[in-house]
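Residues per chain are reported as follows:
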Amino acid sequence: VSNKATLSIDSLREVHKLEVIDVDSVVYITDVDNQDPDVKSWVKISGTGHFVVNMDMAEYIVDKERGSVLIRAPKPSFDADSIDITPELLYAKEIVFFYGNVQAGEQLAKIQLDEGKRKIQNRIESNEEYYNIAADKAKKMIKNQVYALNADNTDIRIDVEFYDE
């Protein structure tokens, strides 16, 4: 009789970035530095993005004797490349669009979008609650994946730990 359990985590190793939660934020951009006084607009910018766990950096420690798996992975982080923004024009000085310089209006729009994206990223990254929710959700997702890969082994013990990258 053997206590050695057969544990499978192979397909979990194929996950590179585990997306754990989607988050959103809204900012309002009304004034921009060095703005042409004849060019003015106010924009509401909604942004969404997601927190991920870099599973390429994860360690998998399998103890077949005890039927346990320890997965050590980097803490969830906000994926700045995932930000998707949606601008909504709230106000525009009419002279810009009808009598003014179109290039100045386009330049202002680009500055406002860049500023909005930066503010959304800062607001999301400074929200500790998002990190806590992402860590809890990531632990559940990782454990569920290991349980699913080992459905025939109901006595498996799974621990997930996060470290600073």
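Relevant structure appears above.
Scoring rules and cut-offs
- Residues numbered from 1 in each chain as written.
- Predicted model: local features only at pLDDT ≥ 70, side-chain atom pairs only at ≥ 80, totals over all residues.
- Heavy atoms only, no water.
- Salt bridge = Lys/Arg side-chain N within 4 Å of Asp/Glu carboxyl O.
- Helix = DSSP H or I, 4+ residues; strand = E, 2+ residues; numbered from the N terminus.
- Buried < 20%, exposed > 50% of the residue type's maximum accessible area, 1.4 Å probe, protein only.
- Phe/Tyr/Trp six-rings, centres within 6.5 Å; stacked < 30°, edge-to-face > 60°.
- Expected span 1.5 Å × (residues − 1).
- Arc of directions from axis to C-beta.
- Contact = heavy atoms within 4.5 Å.
- Polar contact = N/O pair within 3.5 Å; in protein donor to acceptor, adjacent residues only side chain to side chain.
- Pairing = 2+ DSSP bridges.
- Axes fitted to C-alpha atoms, helices over the stretch in contact; angles between N-to-C directions.

A. The pattern of salt bridges, seen in detail. Using the criterion set out here, one finds nine salt bridges in the structure. Across the pair R72 and E161 runs a salt bridge, and its minimum N-O distance is 3.3 Å. In this pair, R72 is assigned in strand β4 (residues 68-74) and E161 in strand β7 (residues 157-163), connecting sequence segments 89 residues apart. Given the relative accessible area of 25%, R72 is considered partly exposed. Owing to a relative accessible area of 38%, E161 belongs among the partly exposed residues under this scheme. Where E115 meets K119, a salt bridge forms, and the shortest distance between an N and an O atom there is 4.0 Å.

B. Representation of the packing of aromatic side chains in the model. Taken as a whole and judged by the stated rule, the model has four aromatic pairs. The interplanar angle of 55 degrees and the centroid separation of 6.3 Å between the aromatic rings of F51 and Y130 together place this pair among those described as tilted. Here F51 is found in strand β2 (residues 41-54), whereas its partner Y130 is found in helix α3 (residues 128-149), with 79 residues between them in sequence. For the ring pair F51 and Y131, a centre distance of 5.0 Å and an interplane angle of 85 degrees mean the geometry is edge-to-face. Placement of F51 in strand β2 and of Y131 in helix α3 is noted, with a sequence separation of 80 residues between them. Exposure remark for Y131: the relative accessible area of 23% places this residue in the partly exposed category. The structure contains a cluster of three or more aromatic residues connected by ring pairs, namely F51, F78, Y130 and Y131.

C. Geometry of α3. Here α3 contains 22 residues, and its C-alpha end-to-end distance of 32 Å stays within 8% of the 32 Å for a straight helix at 1.5 Å per residue. Every buried residue belonging to α3 is among A134, A135, A138, I142 and V146, and all of these are buried. Projected down its long axis, α3 carries its buried residues within an arc of 105 degrees, all on one side. Exposed and facing more than 90 degrees away from the buried side of α3 are K140 and A148. In this structure, the buried side of α3 is in contact with β1 (17-29), β2, β4 and β7. The N-terminus of α3 is capped by N127, whose side-chain oxygen sits 3.0 Å from the backbone nitrogen of E129.

D. Local environment of the sheet that holds strand β3 (residues 59-63). With mixed pairing, the three strands of this open sheet are ordered in space as β3-β4-β7. At either margin of the open sheet sits one strand with a lone partner, and together these are β3 and β7. Averaged over neighbouring strand pairs, the angle between their axes works out to 15 degrees when direction is ignored. Two strands pair when backbone bridges link them, and β4 and β7 are joined in this way by seven bridges, in the parallel orientation. Its bridge partner lying in β7, P74 is registered against Y163.

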